[in-house]
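The lines below spell out each chain.
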Amino acid sequence: MTNVNLLFTLVGATFLGAGLVTLLRPSLVRALLRIGPSEPAQYGLLIAGMMLAAFGMLLAGFAIGYSMVRPLDFNQSASQ
């Protein structure tokens, strides 16, 4: 795994963790952001948490997949 892949994996894991904290503990995030408890804030934090978690999974997943898969050689003849 190259340094860039490792960086993307760590950034993705960080976003995944932040998204899960936002999804599972919205009161903690509301206190950190100094947002009052309201229904729109609750829904906004749920949406933001899901988007962060999905982005983190996508980023880390593609970085891991890119580092694990051998590239295809399309110049090689299929008749061999």
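Here the structure is a predicted model, which is why all the values come from computation and not from measurement. (Residues numbered from 1 in each chain as written. Predicted model: local features only at pLDDT ≥ 70, side-chain atom pairs only at ≥ 80, totals over all residues. Heavy atoms only, no water.)

Peer 1: What should I look at first to understand the overall build of the protein in this one?
Peer 2: Summing up its helical and strand segments, the protein has three helices and zero strands in all. Counting from the amino terminus, helix and strand elements in the protein follow one another as α-α-α. A compact globule built from 80 residues should have a C-alpha radius of gyration of about 12 Å, whereas the protein, at 19 Å, is more than 25% larger. C-alpha atoms of the protein, sized along the principal axes, occupy 65 × 25 × 15 Å. Buried residues in the protein amount to 20% of all 80 residues. Expressed as a percentage of contacts within the protein between residues at least 6 apart in sequence, the contacts between residues at least 24 apart total 66%. Carbon and sulfur atoms make up 70% of the accessible area of the protein, which amounts to about 6300 Å² in all. (Helix = DSSP H or I, 4+ residues; strand = E, 2+ residues; numbered from the N terminus. Rg over C-alpha atoms; globule rule 2.2 N^0.38 Å. Buried < 20%, exposed > 50% of the residue type's maximum accessible area, 1.4 Å probe, protein only. Contact = heavy atoms within 4.5 Å. Areas by Shrake-Rupley, 256 points an atom, 1.4 Å probe, with all protein chains shown as cover.)

Peer 1: Please explain the packing of aromatic side chains as it appears in this structure.
Peer 2: Each pair of aromatic rings is reported with the distance of its centres and the angle of its planes. One pass over the full model with this rule turns up one aromatic pair. Plain terms: the ring middles of F15 and F55 are 5.2 Å apart, the flat faces sit at 80° to each other, and that makes the pair edge-to-face. Remark: F55 occurs in helix α3 (residues 39-68) and F15 occurs in helix α1 (residues 3-24); sequence separation between them is 40 residues. Classification of F55 as partly exposed rests on a relative accessible area of 40%. (Phe/Tyr/Trp six-rings, centres within 6.5 Å; stacked < 30°, edge-to-face > 60°.)

Peer 1: Would you mind showing me how to read the environment of L10 here?
Peer 2: Residue position: L10 is located in helix α1. Under the relative-accessibility criterion, L10 is labelled exposed at 51%. With 33 residues separating them in the primary sequence, L10 and Y43 have C-alpha atoms 28 Å apart.

Peer 1: I would appreciate a short explanation of the confidence of the model for the protein in the present structure.
Peer 2: Caution applies to low-pLDDT parts of the model: their predicted coordinates are not meant to be read in detail. Per-residue confidence for the protein averages 89 on the pLDDT scale, and 95% of its residues sit at or above 70. The secondary structure element of the protein with the lowest average pLDDT is helix α2 (residues 26-33), at 90, and the one with the highest is α1, at 94. (pLDDT = per-residue confidence, 0-100.)

Peer 1: Please clarify how α3 should be interpreted in this entry.
Peer 2: Note on helix geometry: an α-helix contains 3.6 residues per turn, so any two residues three or four positions apart are oriented the same way. If you check α3, its first and last C-alpha atoms are 43 Å apart, about what 30 residues at 1.5 Å a residue would give, namely 44 Å. By the burial criterion, the buried members of α3 are A41, L45, G49, A53, G56, L59, A60 and A63. (Expected span 1.5 Å × (residues − 1).)

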